[in-house]
Amino acid sequence: LLGKEGGLELKENKLFNPYRKPLIFPKKGWKGLKLMKLKDNDTLKLSKDEKILKKNVVCKCEKVTEYEILDAMRRYGVSVDTTQAIRRRTRAGMGHCQADVNNCNCELYVAKMIANEKNKGNINNVGRRPWPATSLLNKRWLNDNDKEYLQKLVK
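Keep in mind the model is a prediction, meaning the values are calculated, not measured.

Parameters at a glance
Residues numbered from 1 in each chain as written. Predicted model: local features only at pLDDT ≥ 70, side-chain atom pairs only at ≥ 80, totals over all residues. Heavy atoms only, no water. Core = buried A, V, L, I, M, F, W, Y, C linked by side-chain atoms within 4.5 Å. Buried < 20%, exposed > 50% of the residue type's maximum accessible area, 1.4 Å probe, protein only. Helix = DSSP H or I, 4+ residues; strand = E, 2+ residues; numbered from the N terminus. Contact = heavy atoms within 4.5 Å. Salt bridge = Lys/Arg side-chain N within 4 Å of Asp/Glu carboxyl O. Pairing = 2+ DSSP bridges. Polar contact = N/O pair within 3.5 Å; in protein donor to acceptor, adjacent residues only side chain to side chain. Axes fitted to C-alpha atoms, helices over the stretch in contact; angles between N-to-C directions. Parallel < 35°, antiparallel > 145°, perpendicular 65-115°, else oblique. Nonpolar A, V, L, I, M, F, W, Y, C, P; charged D, E, K, R; others polar. Phe/Tyr/Trp six-rings, centres within 6.5 Å; stacked < 30°, edge-to-face > 60°. Lys NZ or Arg CZ within 6 Å of the ring centre and 35° of its normal.

Soluble globular proteins: nonpolar side chains tend toward being buried together. If you look at the biggest cluster of nonpolar residues, it comprises 27 residues, and the most contacted ones within it are Val-58, Ile-69, Met-73, Ile-86, Ala-92, Val-110 and Met-113. Broken down by secondary-structure element, the contributors of at least two residues to this core are strand E2 (56–59), helix H2 (66–74), helix H3 (83–90) and helix H4 (106–117). Considering every element that reaches this core, the biggest residue donor is H4, with eight residues. Look past the residues within four positions of Val-110 in its chain and what remains in contact with it is Val-58, Ile-69, Thr-83, Ile-86 and Ala-92.

Below is the structure:
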């Protein structure tokens, strides 16, 4: 329809692979997996060994490994250079804790992986969620009552 009536010229993409391997790999329990945690001032050192990357869990709620995150970033096609893009592809940070800083803080880990992989230098150059998941706000837009409540908390 678009080609004939709309005049759109369609070109076959030789690089397109309709049989791509999945991004998320099912895991049964924690056997063979190791939870990795980082603090703000820690430096990230990723292994070159694929077996180790597949064992190192970044997000404990969804059991997302370093390998899955790197695989999502390195795939041909859409650029993945924000923590939100990684969330959509691997589910890292989408578990019950929502990447809580006091729990596993997997968003920080993912941000450091992106900064390292994409040569962004500092994690401040990596796109992250617009507001913290652990915020006191339960909605995006505040009304006057919400503003008054927050002002009372500050005093």
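We now examine the pattern of salt bridges. Considering all chains together, one arrives at seven salt bridges under this definition. Residue Lys-27 pairs with Glu-68 through a salt bridge whose shortest N-O separation is 3.0 Å. Within this pair, whereas Lys-27 is found in the segment before strand E1 (34–35), its partner Glu-68 is found in helix H2, the two being separated by 41 residues in sequence. A salt bridge links Lys-120 to Asp-81; the nearest nitrogen and oxygen atoms lie 4.0 Å apart. Of this pair, Lys-120 sits in the loop between H4 and helix H5 (144–154) while Asp-81 sits in the loop between H2 and H3; the two residues are 39 residues apart in sequence, bridging distant segments of the chain. On the basis of relative accessible area, Lys-120 is assigned to the partly exposed category, the value being 25%.

Attention now goes to the sheet that holds E2. Taken together, the three strands give an open sheet; going across it, the order is E1-E2-E3, and neighbouring strands pair in mixed fashion. Of all the strands in the sheet, the pair left with one neighbour each is E1 and strand E3 (64–65). Pairing between E1 and E2: two bridges, direction parallel. Bridging from a neighbouring strand, Lys-34 pairs with Asn-56 of E2.

What sets the pattern is the α-helix's 3.6 residues per turn: residues three or four places apart point alike. Little of H5 is tucked away, with one of its eleven residues classed as buried. With a side-chain oxygen lying 3.1 Å from the backbone nitrogen of Asn-145, the N-terminal cap of H5 falls on Asn-143.

Bringing the packing of H3 against H4 into the picture now. Their axes nearest at 9 Å, the elements H3 and H4 cross at an angle of 110°. Between H3 and H4, the interaxial angle falls into the category roughly perpendicular. Residues Thr-83, Gln-84 and Ile-86 of H3 touch H4, and the partners they reach there are Glu-107, Val-110, Ala-111 and Ile-114. Grouping the constituent residues of the contact of H3 with H4 by class yields four nonpolar, two polar and one charged.

Glancing now at the packing of aromatic side chains. One pair of aromatic rings is described through two measures. These are the centre distance and the angle between the planes. As enumerated under the stated definition, the model contains zero aromatic pairs in all. A cation over an aromatic ring shows up here: Lys-54 above the ring of Tyr-67, its NZ or CZ 4.7 Å from the ring centre.

A few words on the environment of Thr-90. Counting through the fold element by element, Thr-90 comes out in helix H3. The exposure class of Thr-90 is buried, given its relative accessible area of 1%. Sequence-wise, Thr-90 and Ala-72 are 18 residues apart; in three dimensions their C-alpha atoms are separated by 7.4 Å. Residues contacting Thr-90, with those up to four places away along its chain left out, are Ile-24, Val-64, Glu-68, Ile-69 and Ala-72. Within the structure, Thr-90 has its side chain in polar contact with the backbone oxygen of Ile-86 (distance 2.8 Å). Polar contacts involving the side chain of Thr-90 include one to the main-chain amide nitrogen of Ala-92, which spans 3.3 Å.

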